[in-house]
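Chain by chain, the residues:
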Amino acid sequence: MNFDEPKGSEKDSYSNDDLFSINSWGADLSFSELVTRYKDGDLLKPELQRKYVWSKKEASRFVDSVLLGLPVPSIFLAKEKNEKMLIIDGYQRIMTMHDYISGTFSHDGNLFKLVNSEIINQRWRNKSYLELSPEEQRKIKYTTIHAIIFQQKYPENNTAMYQIFERINASGRVLRPQEIRNCIYQGSFNKLLFELNEDEIWRKIFGSDQDDSRMYDLEIILRFFAISNIKNEPEIRQKQINLTNYLNCYMGRYKDMDPNLISNYKNNFLITIHKIYDLFGDKSYRKYNKGKFGIKINPSVFDAISAATSY
């Protein structure tokens, strides 16, 4: 059995027949409906991955476009089995309208008034939602935005959704595999990865007090479980394994863990890495070459030593 990966890191992409199990359709949804769904928890943003990043000027410009009746880009949503929707692309636009209608700008927590600038039509410069006319408020609430909705019918592991997310987001900053998993496989397992990522000893082993902005630290923790437990997974019967695909499948299988299994996973990870740190300190999981240890964790070394120690 071999892992299909260059130098211990994940390949950026892959393709398989799961793409043929996707249904997609279009729907025009009003901003009022989208905001209500978001408030009710029926429209989900990628957990801890996509924060609201638009400036007040960018957000004001978008509201201005809606008030002017200009066309706005489509959004992409993924429908889950429980009828909830996951925002694949469009979070900044949806959250801008959510903030403007609610009155508070997420970026700074202050009252959301459109900027007093020439880039905004003079009729609503420096105005909050409540300061608009009733007609303008209705324009905000009932303007529709086209949504392209995807649903993976089979298999029930969201592996095709991963590929769609990757391809849709390829036009901007290319998302790393774990960033996409964080969006697609939300659940108790994903939350466990974030919890373990805050462990003091793990941060010392990883070599930084700060969470990695591209979620590489979370990916390494996921690898701990996926590699250590591969003897119990169907992939063990394969001669060649695509690592990215395997990690996707693994997160999909265990994304909604029961509390007992979460507790077992947590204890296994903490006991293992704490033991390794007791033995090797800041040299844990580093590659040794020509009398020196590497500065960063080596993924292949991590996989091998963690699996053996855990066993």
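Just above sits the structure.
Numbering of residues starts from 1 in every chain and runs along the sequence as written. Whole-chain, interface and lining totals are the exception, using all residues; otherwise, since this is a predicted model, local features are given only for residues with pLDDT of at least 70 and side-chain atom pairs are given and counted only at 80 or more. Side-chain figures throughout are based on the complete set of non-hydrogen atoms in the structure, without hydrogens or water.

## Some points on the packing of helix H11 (residues 259-280) against helix H12 (residues 299-310)
Piece 1. Here the axes come from fitting lines to C-alpha atoms, over the contacting stretch only for helices, and the angles between their N-to-C directions go from 0 to 180 degrees. In this description a helix means any DSSP run of H or I spanning at least four residues, a strand means any run of E spanning at least two, and both kinds are numbered starting from the N terminus. It is at 10 Å that the axes of H11 and H12 come closest, and there the two elements cross at 110°. Between H11 and H12, the angle is such that the two are roughly perpendicular. Remark: the crossing between H11 and H12 carries right-handed chirality. Contacts from Asn268, Thr272 and Ile276 in H11 reach Ile305, Ser306, Thr309 and Ser310 in H12.
Piece 2. By the convention adopted, Pro, Cys, Tyr, Trp, Phe, Met, Ile, Leu, Val and Ala count as nonpolar, Lys, Arg, Asp and Glu as charged, and the other residues, Gly among them, as polar. A per-class count over the contact of H11 with H12 returns two nonpolar, five polar and no charged. The scheme is simple: roughly parallel for angles under 35 degrees, roughly antiparallel for over 145, roughly perpendicular for 65 to 115, oblique for anything else. Helix crossings are classified by the rotation of the near helix relative to the far one: an anticlockwise turn of less than a right angle makes the crossing left-handed, while a clockwise turn makes it right-handed. Contact between two residues is taken to exist if any of their heavy atoms lie within 4.5 Å; hydrogens are not considered.

## Describing the nonpolar core
Piece 1. The set of buried Ala, Val, Leu, Ile, Met, Phe, Trp, Tyr and Cys residues whose side-chain atoms join them within 4.5 Å is what this entry labels a nonpolar core. Classification of residues uses two cut-offs on accessible area relative to the type maximum, computed with a 1.4 Å probe and protein chains only: under 20% is buried, over 50% is exposed, and between them is partly exposed. With 47 residues, the main nonpolar core has Phe189, Leu193, Trp202, Phe225, Tyr250 and Phe269 as its most contacted residues.
Piece 2. If sequence neighbours within four positions are ignored, Trp202 has contacts with Leu196, Asn197, Asp217, Ile220, Ile221, Phe269, Ile273, Ile297 and Phe302.
Piece 3. Listed in part, the 33 residues of the second largest apolar core include Leu43, Met85, Leu132 and Ala147.

## Focus: the pattern of salt bridges
Piece 1. One speaks of a salt bridge when a side-chain nitrogen belonging to Lys or Arg is within 4 Å of a carboxyl oxygen belonging to Asp or Glu. On inspection of all chains with the given rule, the structure shows 14 salt bridges.
Piece 2. One salt bridge connects Lys79 with Glu83, and the closest N-O pair in it is separated by 3.0 Å.
Piece 3. Looking at Lys79, the relative accessible area reads 22%, which means it is partly exposed.
Piece 4. With its nearest N and O atoms 2.8 Å apart, the salt bridge here joins Glu233 to Arg253. With Glu233 in the loop between helix H9 (216-228) and strand E7 (240-242) and Arg253 in helix H10 (residues 243-254), this pair connects stretches of sequence that are 20 residues apart.
Piece 5. Here Glu233 falls in the buried class, since its relative accessible area comes to 4%.
Piece 6. Taking relative accessible area as the criterion, Arg253 reaches 35% and is therefore assigned partly exposed.
Piece 7. Through salt bridges with shared partners, a single network forms among Arg203, Asp211 and Asp217.

## Side note on unusual backbone geometry
Piece 1. At Met215, a position not held by glycine, the phi torsion is positive, near 65°.
Piece 2. By secondary structure assignment, the location of Met215 is in the loop between helix H8 (200-206) and H9.
Piece 3. Positive phi is not limited to glycine here, since Lys290 has a value of about 55°.
Piece 4. Tracing the chain through its elements places Lys290 in the loop between strand E8 (286-289) and strand E9 (292-297).

## With respect to the environment of Tyr100
Piece 1. Of note, Tyr100 is situated in helix H3 (residues 91-102).
Piece 2. Judged by relative accessible area, Tyr100 falls into the buried class, the value being 0%.
Piece 3. Residues Tyr100 and Lys113, 13 residues apart in the sequence, show an inter-C-alpha distance of 7.7 Å.
Piece 4. A polar contact of 3.0 Å, which involves the side chain of Tyr100, links it to the backbone oxygen of Lys127.
Piece 5. Among the polar contacts listed, one links the side chain of Tyr100 to the backbone oxygen of Ser128, at a separation of 3.3 Å. Nitrogen and oxygen atoms within 3.5 Å of one another constitute a polar contact, given that in protein one can donate a hydrogen and the other can accept it, and given that sequence-neighbouring residues count only through two side-chain atoms.

## Section: the sheet that holds strand E4 (residues 75-79)
Piece 1. An order of E2-E6-E4-E5-E3 is seen for the five strands of this open sheet, with the pairing classed as mixed. Looking at strand neighbours, the two that pair on one side only are strand E2 (22-30) and strand E3 (43-44), the edges of this open sheet.
Piece 2. Here, strands pair whenever DSSP counts at least two bridges between them. As paired elements, E3 and strand E5 (residues 85-89) share two bridges and run parallel to each other. Within E5, the residue paired with Leu44 across the bridge is Leu86.
Piece 3. Helix-sheet contacts for H3 involve E3, E4 and E5, and the interaxial angle to E5 is about 115°.

## Comments concerning the packing of aromatic side chains
Piece 1. Classification of ring pairs rests on two measures: the distance between centres of Phe, Tyr or Trp rings, Trp counted by its six-membered ring, which must be within 6.5 Å, and the angle between planes, read as stacked under 30 degrees, edge-to-face over 60 and tilted in between. The full count for this structure, using the stated rule, is 22 aromatic pairs.
Piece 2. Geometrically, the ring pair formed by Phe189 and Tyr250 is edge-to-face, given 6.1 Å between the ring centres and 65° between the ring planes. Remark: Tyr250 occurs in helix H10 and Phe189 occurs in helix H7 (residues 188-197); sequence separation between them is 61 residues. As far as burial versus exposure is concerned, Phe189 and Tyr250 are alike and both buried.
Piece 3. Measuring from ring centre to ring centre gives 6.1 Å for Phe206 and Tyr216, while their planes differ by 50°; the resulting arrangement is tilted. In this pair, Phe206 is assigned in helix H8 and Tyr216 in helix H9, connecting sequence segments ten residues apart.

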